[in-house]
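Topology and contacts: notes
Residue strings, one per chain:
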Amino acid sequence: MTSRQARLAAALVVAFTAYGAWAALTSAMISAVYGVDCRQQYFRIACDFSNDTVAASASYPAMLALLLAAVAAVHWRWRSASAYPFLMLSAALCGGALAWDMAASQPVLLAPKIINDTINILGTVLAASFTLLVILCRRTDFPLGSFALAVLASYTLTLVSVIAFVELSSSVFGVTELFLLYVIYAFGSFTVHLMTVCGFVAKLRDTEVPA
């Protein structure tokens, strides 16, 4: 085995070791902090989250008022910013979710399964992303330490995102809870993961060699 092949094998070991450790830590932290029974099997977790209820509906008018105040502040202060359209779209989606839940008062069906599946898919997507990154960089003498740091950062931030969702989900229900799950997945975890990958790639030296 050449040094480059050994580096690739080591990188894959790092990625999947972090994947397994992330699953174990996520399961353990949810159980320890929130008293939810969680079981880990290799890279997957299964937590006995409670079924969704509409008990949090009383706080929705206050949350909607807070959202409108935030929209007004953003419009007044940052309406010329490049992120303004995105912020307004996100606020509109969040406001629509809050308004729908206030009117319909319907819980999410099969909420525990949806949450577990989303958490597991998130971990799988990160592992697949790092595997693809190793394949794309196979002809480059990339530093294994920088790769390990990117893996550690991505899985640590994903763990924080999952815990943040579990913490906040008790305050919402229905469509708003699904919207929160989407935001945590898309922007709290995967987008930050892409940033760590881009940071790793940006530091690579141009050491590609012919096949």
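Everything below is about the structure printed above this text.
Everything numeric here is computed off the predicted structure, so don't read it as measured data. Numbers given to residues run from 1 along each chain, matching the order in which its sequence is written. Only residues with pLDDT of at least 70 are given local features in this predicted model, and only at 80 or more are side-chain atom pairs given and counted; all residues enter the totals for whole chains, interfaces and linings. The side-chain quantities take in all heavy atoms of the structure and omit both hydrogens and water.

1. Some words on the overall build of the protein chain
The test is simple: A run of H or I in DSSP counts as a helix once it spans at least four residues, and a run of E counts as a strand once it spans at least two, with each numbered from the N terminus. Partly exposed describes any residue whose relative accessible area lies between the buried limit of under 20% and the exposed limit of over 50%, with all areas from a 1.4 Å probe on protein chains only and scaled to the type maximum. By the convention used here, residues are in contact when the closest approach between their heavy atoms is within 4.5 Å. For the area figures, the Shrake-Rupley method with a 1.4 Å probe applies, and any residue is considered shielded solely by the protein chains shown.
A count of helical and extended segments in the protein chain gives six helices and two strands. The linear arrangement of helices and strands in the protein chain, starting from the amino end, is α-β-β-α-α-α-α-α. Relative to its full complement of 211 residues, the protein chain shows a buried share of 35%. In the protein chain, of all internal contacts separated by at least 6 residues, the share reaching a separation of at least 24 is 78%. For the protein chain, the accessible surface area stands at approximately 11,900 Å², while carbon and sulfur atoms represent 70% of it.

2. Section: a nonpolar patch on the surface
To keep it simple, the criterion reads: Every patch collects residues that have over 30% relative accessible area and no salt bridge, joining them within 9 Å if they carry like charges and within 5 Å if they are nonpolar side chains (Val, Leu, Ile, Met, Phe, Trp, Tyr). Any Lys or Arg side-chain nitrogen found within 4 Å of a carboxyl oxygen on Asp or Glu counts as a salt bridge.
A contiguous nonpolar surface patch, about 400 Å² in accessible area, is contributed by Leu12, Phe16, Tyr42 and Phe43. Inspection of the secondary structure puts phenylalanine 43 in the loop between β1 (38-41) and β2 (44-47).

3. Some points on the state of the cysteines
Using the following cut-off: When two cysteine sulfur atoms lie within 2.5 Å, the pair is treated as a disulfide.
Under the defined criterion, the tally for this structure stands at one disulfide. Sulfur-sulfur distance for the disulfide between cysteine 38 and cysteine 47 comes to 2.1 Å. Handedness here is read from the sign of the S-S torsion; for cysteine 38 and cysteine 47, about 110 degrees, the answer is right-handed. By the burial criterion, cysteine 38 is buried, and cysteine 47 matches it.

4. Structural notes on the pattern of salt bridges
The final tally for this structure, using the stated rule, is five salt bridges. Note that lysine 113 and aspartate 117 form a salt bridge whose closest N and O atoms lie 3.0 Å from each other. Here lysine 113 and its partner aspartate 117 are both found in helix α4 (residues 111-136), four residues apart, which amounts to about one turn of the helix. Because the salt bridges share partners, they merge into one network encompassing Arg4, Arg7 and Asp141.

5. Quick look at the side chain of serine 169
Just so we agree on the cut-off: For the purposes of these results, a polar contact is taken to be a pair of N or O atoms within 3.5 Å, where, inside protein, one atom must be able to donate a hydrogen and its partner to accept one; residues adjacent in sequence count only when each atom of the pair is a side-chain atom.
Examined against the element boundaries, serine 169 turns out to sit in helix α5 (residues 144-169). At 3.0 Å, the side chain of serine 169 forms a polar contact with the backbone oxygen of valine 166. Beyond its immediate chain neighbours, meaning those up to four positions away, serine 169 contacts Glu177 and Leu180.

Geometric values such as these leave the question of function open.
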